[in-house]
Protein chains: 2
Amino acid sequence: MQLKNQVEWALHCAAVLAGLPEGRYVSTKALAEFHGVPKEYLSKALQGLSSAGLVVSTLGPSGGYRLARAPGDISFLDIVEAIEGPGRTFVCTEIRRNNPCRPAGMCDDRPCGVARVMWAADEAWRASLRQVSLAELGEGIAEDVPADLLAAGRDWLLNSR
Amino acid sequence: MQLKNQVEWALHCAAVLAGLPEGRYVSTKALAEFHGVPKEYLSKALQGLSSAGLVVSTLGPSGGYRLARAPGDISFLDIVEAIEGPGRTFVCTEIRRNNPCRPAGMCDDRPCGVARVMWAADEAWRASLRQVSLAELGEGIAEDVPADLLAAGRDWLLNSR
DNA sequence: TTTATTACGGATATTATTTATCCTTAAGGA
DNA sequence: TCCTTAAGGATAAATAATATCCGTAATAAA
């Protein structure tokens, strides 16, 4: 079980967009070259962010994407779900119903005991992702990378057309 | 991203094994028919549990599997990892290295900020699974299913050959 | 107004993973 | 001796992930 690599790409793109000056757009092409990933496929990930309402797009030269909300209002979970969908990692196929000793309809109102535990773990995962925003990601990155290098990245992205 | 259905099968098999009298074995065939899943493929899952040391197998007629430890000493995480492997759900491909503005070797000692957050969520998931044992699963199931039905299931499994 | 650039979406191809099935081997019990 | 079993290798089928290609409409710049 592994998350799609588009999740990684989307998160890095979002991190980059979060660092840009208000109102500036960056194109798929620039994001793809900056991250060294295939443009056409990255485009699908960005469309996912767009249809989830996390980013806003605009057409034409100088078009591209920007965040739809403040970085503090976009969580990791928002982005992961935009790419992976809202489904759970554990899917219960109700194999308890195949039990030959089980009367039909028994406990059908209550989720299977196995699923209850697995879903609680899923929820712990989600809760962990929900509590970290792009703003906090930015703070973490600012501790790793000197400010002038971050600025150089911004300039590269904004002047790459 | 979805867990394999073998995870569900393995958990249900483990739950069943946890409810058996000490020292009794149940065959792949019985477990497969009880749960309504393909025997040959379930066998692979059980082999996974076996090579992870969670169950003990024995050959010949009246052979099969039993738990290797007390139900209280086997966690959900043990079983999930036996099937899915120990890897993380988020794999960092270090795309930050492709950043054209980044000096080679920069922060290579420190994991990427995106990965740090994703791995913390992975760890929350694991911690949640680690803290629930088969014994606790059994308690939860005992609340759902009347004792006589549980006994009927045990008998079915032990007398199915 | 023209032209270049862009996001968007559909169609398709390629590759990897999941989900099986089949068969042989060796061990164990009746 | 015979039947049953787990183990493991080989292979096939189905599904999902990872792309690539192309046409369309919108938009800004020239």
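Residues numbered from 1 in each chain as written. Chains lettered and ligands numbered in written order. Predicted model: local features only at pLDDT ≥ 70, side-chain atom pairs only at ≥ 80, totals over all residues. Heavy atoms only, no water.

Caption draft 1: Looking closely at the protein's contact with DNA strand C. DNA strand C sits among 24 residues. The nearest are Lys44(A), Ser57(A), Leu59(A), Tyr65(A) and Tyr41(B). A share of 61% of the atoms of DNA strand C within 4 Å of the protein falls on sugar and phosphate groups. Lys44(A) places a polar side-chain atom, nitrogen or oxygen, 2.7 Å from a base oxygen of DNA strand C. One nitrogen or oxygen atom from the side chain of Ser57(A) is found 2.7 Å from a phosphate oxygen belonging to DNA strand C. Those elements giving two or more residues to the surface near DNA strand C turn out to be α3 (39-51), β1 (55-58) and β2 (64-67) of chain A together with α1 (5-18) and α3 (39-51) of chain B. (Near = heavy atom within 4 Å. Polar contact = N/O pair within 3.5 Å; in protein donor to acceptor, adjacent residues only side chain to side chain. Helix = DSSP H or I, 4+ residues; strand = E, 2+ residues; numbered from the N terminus.)

Caption draft 2: Layout of the pairing of β1(A). All names here are of chain A. Where β1 meets β2, four bridges bridge the pair, whose relative direction is antiparallel. When the sheet's bridge partners are listed, Val55 is paired in β2 with Leu67. Hairpin connection of β1 to β2: five residues between the antiparallel strands, including Gly60 at a positive phi of 80°. (Pairing = 2+ DSSP bridges.)

Caption draft 3: Local environment of the environment of Ala70(A). Its location among the elements puts Ala70(A) in the loop between β2 and α4 (76-84). For the pair formed by Ala70(A) and Val55(A), sequence separation is 15 residues and the distance between their alpha carbons is 10 Å.

Caption draft 4: Main features of the state of the cysteines. Taken as a whole, this structure holds zero disulfides over all chains when the rule is applied. Free cysteine: Cys13(B), not disulfide-bonded; nearest cysteine sulfur from Cys112(A) at 12 Å. Sulfur of Cys101(B): no disulfide; nearest cysteine sulfur belongs to Cys107(B) and is 14 Å away. Overall, the relative accessible area of 18% leaves Cys101(B) in the buried class. (Disulfide = S-S within 2.5 Å. Buried < 20%, exposed > 50% of the residue type's maximum accessible area, 1.4 Å probe, protein only.)

Caption draft 5: Representation of the interface of chain A and chain B within the structure. In this assembly, 56 residues from chain A lie in contact with 55 residues from chain B. The three residues of chain A that bury the most area against chain B are Met1(A), Glu8(A) and Ile95(A), which together make up 16% of that side's buried surface. Summed over the shared surface of chain A and chain B, the result is four salt bridges. Between chain A and chain B we count 14 residue pairs in polar contact (both at pLDDT 80 or more) in total. A total of twelve residues in the side of chain A that touches chain B trace back to one element, the largest contributor, which is helix α5 (residues 113-130) of chain A. Looking at the side of chain A that touches chain B, its residues break down into 35 nonpolar, twelve polar and nine charged. (Contact = heavy atoms within 4.5 Å. Buried area = accessible area lost by both parts, 1.4 Å probe. Salt bridge = Lys/Arg side-chain N within 4 Å of Asp/Glu carboxyl O. Nonpolar A, V, L, I, M, F, W, Y, C, P; charged D, E, K, R; others polar.)

Caption draft 6: Representation of the relation of the copies chain A and chain B in the model. Rotating chain A by 180° and moving it 0.0 Å along the rotation axis overlays it on chain B with an RMSD of 0.0 Å. Viewed as a symmetry operation, the transformation between the two copies matches a two-fold axis. Across chain A, the rotation axis passes nearest the C-alpha of Trp125(A), at a separation of 2.5 Å. Same-surface contact between copies: 98% of interface residues of chain A are shared with the interface of chain B. (Least-squares fit on C-alpha atoms with pLDDT ≥ 70 in both.)

Caption draft 7: Up close: unusual backbone geometry. Here the phi dihedral of Ser62(A) falls at roughly 70°; this positive angle occurs in a residue that is not glycine. Looking at the element boundaries, Ser62(A) is found in the loop between β1 and β2. Taking relative accessible area as the criterion, Ser62(A) reaches 48% and is therefore assigned partly exposed. Backbone geometry places Cys107(B), a non-glycine residue, at a positive phi of 55°. Take Cys107(B): it is sitting in the loop between α4 (76-84) and α5 (113-130). The class of Cys107(B) is buried, set by a relative accessible area of 13%.

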